[in-house]
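Notes for the structure review
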Amino acid sequence: MTRSEGPPAHPHKHRRWAVGLSVALHLAAVGLIIQASNQTLRDRAPPKEAVVFLADIQPAEPPPAPPVSTPPPAPIPKPDLPEPRETKPDTTPPPGRAFMDAPPAPTAEEWALAATYTLKNSKRYRHNWGQQVRSQMGTAHEGPEQGIVRFRIEIAPSGTLARLDTLWTTSAEIEQRARTAIGQMPPLPPTPNGKPLIFEKTIVFNAWTAESPPLYKNDCLPDPPPRGNRFVWDGRSPQGPPAEEPEPEKLDPQALADCLKQLPQDSIEAEAADDQRQQEQWGSQKLGR
């Protein structure tokens with residue numbers, strides 16, 4: 001007996017499954033493409049700017065402290081300060097100009113010794129007088145404000161100025177400056193011999209000359225006699241033999257010894273100045289004329 005076969009499968013049924021599967025795959029692919037495109041657009045979009053706000057918050061100030069009552073300070077006693085001295089003007093010379101400071105004025109001790117020195121027309125008194133004048137004239141600067149003046153002075157026995165005459169000067173300004181200094185001199189001691197003291201004095205006011213202290217070691221020797229022309233003749237009177245030279249004065253040995261005891265000690269500056277004067281005198285070209 002023959003077994004009969006069933007009916008064959010319908011061909012349209014398999015075709016529907018294939019079409020459905022294909023549509024599903026296409027839809028999935030389109031979805032993936034759309035998702036990838038959206039992701040790319042998001043990546044290309046510019047980043048959003050972030051805004052940050054900073055706030056400066058100051059701490060609260062504490063309340064001011066109440067004032068503390070303190071007792072008033074006790075007054076400080078003022079110390080006894082000396083009176084301010086009168087300031088002298090600045091006498092510093094400009095750069096590049098020579099100058100010489102004023103010498104110190106004679107001290108009270110030097111004036112006391114000068115008031116007792118009678119030799120050589122009160123030699124020590126005359127030197128102190130010139131140094132006092134030059135000291136009060138101030139600093140000498142190189143330039144037109146310098147010069148020399150020579151006076152003839154008469155000092156009364158009491159030490160006051162009795163007469164002042166100008167013999168010659170190289171600058172009227174320096175003469176007036178010296179006269180002003182003389183008018184401002186302090187009171188001087190009496191003259192050594194109690195008589196009017198008359199002498200001549202040259203005041204040098206420049207940047208190179210300083211008055212040297214005098215030399216006293218020869219003050220006990222008599223002055224050399226004045227010498228003149230032994231052969232002078234007036235042309236009318238009878239012409240006789242030449243005049244005899246005067247003899248130098250001779251001192252008593254005891255008087256010379258007593259005189260030497262009162263001579264002051266000469267300084268090195270005085271010795272050097274005397275040597276310099278002799279060298280200039282004997283080295284002068286005028287001696288050979």
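Here the structure is a predicted model, which is why all the values come from computation and not from measurement.

1. Looking at the overall build of the protein
If you tally the helices and strands in the protein, you get six helices and five strands. The buried share among the 289 residues of the protein stands at 22%. Of the contacts made within the protein by residues no fewer than 6 positions apart, 78% connect residues no fewer than 24 positions apart. If you sum the accessible surface of the protein, you get close to 23,500 Å²; carbon and sulfur atoms cover 58% of it.

2. Considering the packing of aromatic side chains
Taken as a whole and judged by the stated rule, the model has three aromatic pairs. An angle of 75° between the planes, with centres 5.3 Å apart, marks the rings of Trp 111 and Tyr 125 as edge-to-face. Of this pair, Trp 111 sits in helix 2 (residues 108-114) while Tyr 125 sits in helix 3 (residues 119-137), and the two are 14 residues apart along the sequence. Across this residue pair, the class does not change: Trp 111 and Tyr 125 are buried. Pairing Tyr 117 with Tyr 216 gives two aromatic rings, centres 5.4 Å apart and planes at 70°, and the pair type is edge-to-face. Note that Tyr 117 is positioned in the loop between helix 2 and helix 3 and Tyr 216 in the loop between strand 5 (197-205) and helix 5 (253-261), a separation of 99 residues in sequence. Here Arg 124 stacks its cationic end above the ring of Tyr 216, 5.5 Å away from the centre of that ring.

3. Description of the pattern of salt bridges
Once their charged atoms are close, side chains differing in charge can pair, the charge on each being opposite to the other. Under the defined criterion, the tally for this structure stands at nine salt bridges. Residue Arg 179 pairs with Glu 175 through a salt bridge whose shortest N-O separation is 3.5 Å. In this pair, Arg 179 and Glu 175 are both assigned in helix 4 (residues 172-183), four residues apart and thus about one turn of the helix distant. Of the residues examined, Arg 179 reaches a relative accessible area of 30% and is grouped as partly exposed. By sharing partners, the salt bridges in this structure join Arg 150, Arg 152 and Glu 200 into a single network.

4. Describing a nonpolar patch on the surface
On the surface, a cluster of nonpolar side chains totalling about 280 Å² of accessible area is made up of Val 19, Val 23 and Leu 27. Its place among the elements puts Val 23 in helix 1 (residues 11-44). On the basis of relative accessible area, Val 23 is assigned to the partly exposed category, the value being 44%.

5. Observations concerning the pairing of strand 3 (residues 147-155)
Taking every second residue as pointing to the same face, the buried face of strand 3 carries Gly 147, Val 149, Phe 151, Ile 153 and Ile 155, while none of Ile 148, Arg 150, Arg 152 and Glu 154 on the other face is buried. Relative to strand 5, strand 3 runs antiparallel, the two sharing nine bridges. The residue bridging Arg 150 from the neighbouring strand is Thr 202, located in strand 5. Across seven bridges, the pairing between strand 3 and strand 4 (residues 161-169) is antiparallel. The partner of Arg 152 across the bridge, within strand 4, is Asp 165. Taken together, strand 3 and the strand that follows it, strand 4, pair antiparallel across an intervening segment of five residues, in which Gly 159 is found at a positive phi of about 100°.

6. Examining the sheet that holds strand 4
If you walk across this open sheet you meet the three strands as 4-3-5, and the pairing is antiparallel. A single partner strand is all that each edge strand has here, and the edge strands are strand 4 and strand 5. On average, each strand axis in the sheet is inclined to that of its neighbour by 25°, with strand direction left out of account. Lying over the sheet, helix 3 contacts strand 3 and strand 5, oriented at roughly 35° with respect to strand 5.

7. Notes on the nonpolar core
Grouped together as the largest cluster of nonpolar side chains are 22 residues, with contacts concentrated most on Trp 129, Val 133, Met 137 and Phe 151. When residues of this core are traced back to their parent elements, those giving at least two are helix 2, helix 3, strand 3, helix 4 and strand 5. Judged by nonpolar contacts, the second largest core, of six residues, contains Tyr 216, Cys 220, Cys 259 and Leu 263.

8. Topic: the packing of helix 3 against helix 4
How two helices pack is summed up by the angle between their axes together with the distance between the axes. Closest axis-to-axis distance for the helix 3/helix 4 pair is 8 Å, and the angle between their directions is 110°. Taken together, the axes of helix 3 and helix 4 are roughly perpendicular relative to one another. Where helix 3 crosses over helix 4, the handedness of that crossing is right-handed. Facing helix 3, whose interface residues are Trp 129, Val 133, Gln 136 and Met 137, helix 4 presents Ile 174, Arg 177, Ala 178, Ala 181 and Ile 182. By residue class, the composition of the contact of helix 3 with helix 4 is seven nonpolar, one polar and one charged.

9. Some points on the side chain of Asp 274
You can see Asp 274 is positioned in helix 6 (residues 268-282). Look at Asp 274 and you get buried, because its relative accessible area is 16%. Here the side chain of Asp 274 touches Gln 278 through a polar contact of 2.9 Å, side chain to side chain.

The rules behind these values
Residues numbered from 1 in each chain as written. Predicted model: local features only at pLDDT ≥ 70, side-chain atom pairs only at ≥ 80, totals over all residues. Heavy atoms only, no water. Helix = DSSP H or I, 4+ residues; strand = E, 2+ residues; numbered from the N terminus. Buried < 20%, exposed > 50% of the residue type's maximum accessible area, 1.4 Å probe, protein only. Contact = heavy atoms within 4.5 Å. Areas by Shrake-Rupley, 256 points an atom, 1.4 Å probe, with all protein chains shown as cover. Phe/Tyr/Trp six-rings, centres within 6.5 Å; stacked < 30°, edge-to-face > 60°. Lys NZ or Arg CZ within 6 Å of the ring centre and 35° of its normal. Salt bridge = Lys/Arg side-chain N within 4 Å of Asp/Glu carboxyl O. Patch = residues over 30% accessible without salt bridge, like charges linked within 9 Å, V, L, I, M, F, W, Y side chains within 5 Å. Pairing = 2+ DSSP bridges. Axes fitted to C-alpha atoms, helices over the stretch in contact; angles between N-to-C directions. Core = buried A, V, L, I, M, F, W, Y, C linked by side-chain atoms within 4.5 Å. Parallel < 35°, antiparallel > 145°, perpendicular 65-115°, else oblique. Left-handed = near helix turned anticlockwise from the far one by under 90°. Nonpolar A, V, L, I, M, F, W, Y, C, P; charged D, E, K, R; others polar. Polar contact = N/O pair within 3.5 Å; in protein donor to acceptor, adjacent residues only side chain to side chain.

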